[in-house]
Amino acid sequence: MLISLAGCGSPSTAKSAAAPGSGISTSAGAATTDAATPAAAGTAASPPAKTGKGSADVTLSGVESGSIKAADTTCTVVNGELESFHAPSDQNTSGPSIAGVRGDTGWMMPVSTAAHSGGYANANATGIKATKTGDTWTVTLTGTEVGAAYDPGQTGTLTLNGTIVCGEVISAG
């Protein structure tokens with residue numbers, strides 16, 4: 001089962017990134033709020049990441065091989081914790097992309113490739129570490145495995161290794 005992560009602002013089913021009107025802010029400083037509800041007090045925009053729009057450099061190995069290179073990444077931070085990330089490919093419009101959403105039991109990791117847009121996923125991916133240094137969030141993937149989601153009968157997996165540096169950071173709470 002894959003979930004849509006349009007802009008990677010999608011919350012996990014267990015946690016909501018922000019309720020309407022809760023005052024979501026982006027690192028670009030553009031706050032979005034529900035027109036009928038004022039923004040929550042104390043919600044401030046995060047400063048932009050020092051790396052500009054961010055980056056991703058992730059290698060894929062296993063049933064497919066290749067890499068995900070991205071210079072435009074989006075991450076969501078709720079109450080000081082990284083809750084999601086999204087890195088669409090720079091390589092071409094149908095190139096691989098990677099995303100992650102934190103749930104109660106771990107990270108949901110969907111990955112799409114040029115060969116399989118239905119992609120790969122893991123509802124409880126391991127080998128994912130999110131760290132913050134200064135104003136910059138970095139996600140490190142070490143031996144993170146995702147299985148075929150495009151065909152339930154497919155048994156192969158992809159192993160992911162690399163880093164994602166958050167560019168645009170959407171903050172709530």
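A quick note: this is a predicted structure, and the numbers were derived from the prediction, not measured.

## Considerations on the pattern of salt bridges
Tallied over the full model, the rule gives one salt bridge. A salt bridge links Lys-69 to Asp-57; the nearest nitrogen and oxygen atoms lie 2.6 Å apart. In this pair, Lys-69 sits in strand β3 (residues 66–70) while Asp-57 sits in strand β2 (residues 54–62), placing the two residues 12 residues apart along the sequence. Using a relative accessible area of 35% as the deciding quantity, one classes Lys-69 as partly exposed. The class of Asp-57 is partly exposed, set by a relative accessible area of 38%.

## Let's talk about the pairing of strand β10 (residues 136–148)
Here two bridges tie strand β8 (residues 120–125) to β10, and the two strands are oriented antiparallel to one another. When the bridges of β10 are listed, Tyr-120 appears paired with Ala-148. Strand direction decides the pairing type here: strand β9 (residues 128–133) and β10, joined by six bridges, are antiparallel. Counterpart to Thr-131 in the pairing with β10 is Thr-138. Two successive antiparallel strands, β9 and β10, enclose a turn made up of two residues, where Gly-134 displays a positive phi of approximately 65°.

## Describing unusual backbone geometry
Even without a glycine there, the phi angle at Asn-79 is positive, about 50°. Along the chain, Asn-79 turns up in the loop between β4 (74–78) and β5 (81–87).

## Observations concerning the state of the cysteines
Throughout the structure, instances matching the rule amount to one disulfide. Between the sulfur of Cys-75 and that of Cys-166 lies a disulfide, 2.0 Å long from S to S. Across the disulfide from Cys-75 to Cys-166, rotation about the S-S bond amounts to roughly -80°, and the bridge is consequently left-handed. A residue pair is termed long-range when its members are at least 10 positions apart, and Cys-75 in strand β4 and Cys-166 in strand β11 (residues 157–166) qualify at 91 residues. The pair Cys-75 / Cys-166 is uniform in exposure class, with both members buried.

## Some details on the environment of Gly-66
The residue Gly-66 is located in strand β3 in this model. Considered as a pair, Gly-66 and Pro-96 are 30 residues apart in the sequence and their alpha carbons are 8.8 Å apart. The contact partners of Gly-66, leaving out residues within four places of it in the chain, are Val-58, Thr-59 and Leu-60.

## Side note on the confidence of the model for the protein
Per-residue confidence for the protein averages 73 on the pLDDT scale, and 65% of its residues sit at or above 70. Confidence drops under a pLDDT of 50 for residues 1–51, and excluding neighbours within four residues, the segment shows 97 contacts in the predicted structure.

## Let's talk about the packing of aromatic side chains
On inspection of all chains with the given rule, the structure shows one aromatic pair. On the numbers, 5.4 Å between centres and 45° between planes, the contact of Phe-85 with Trp-107 is tilted. Placement of the pair is Phe-85 in strand β5 and Trp-107 in strand β7 (residues 107–112), with a sequence separation of 22 residues.

So, how was this worked out
Residues numbered from 1 in each chain as written. Predicted model: local features only at pLDDT ≥ 70, side-chain atom pairs only at ≥ 80, totals over all residues. Heavy atoms only, no water. Salt bridge = Lys/Arg side-chain N within 4 Å of Asp/Glu carboxyl O. Helix = DSSP H or I, 4+ residues; strand = E, 2+ residues; numbered from the N terminus. Buried < 20%, exposed > 50% of the residue type's maximum accessible area, 1.4 Å probe, protein only. Pairing = 2+ DSSP bridges. Disulfide = S-S within 2.5 Å. Contact = heavy atoms within 4.5 Å. pLDDT = per-residue confidence, 0-100. Phe/Tyr/Trp six-rings, centres within 6.5 Å; stacked < 30°, edge-to-face > 60°.

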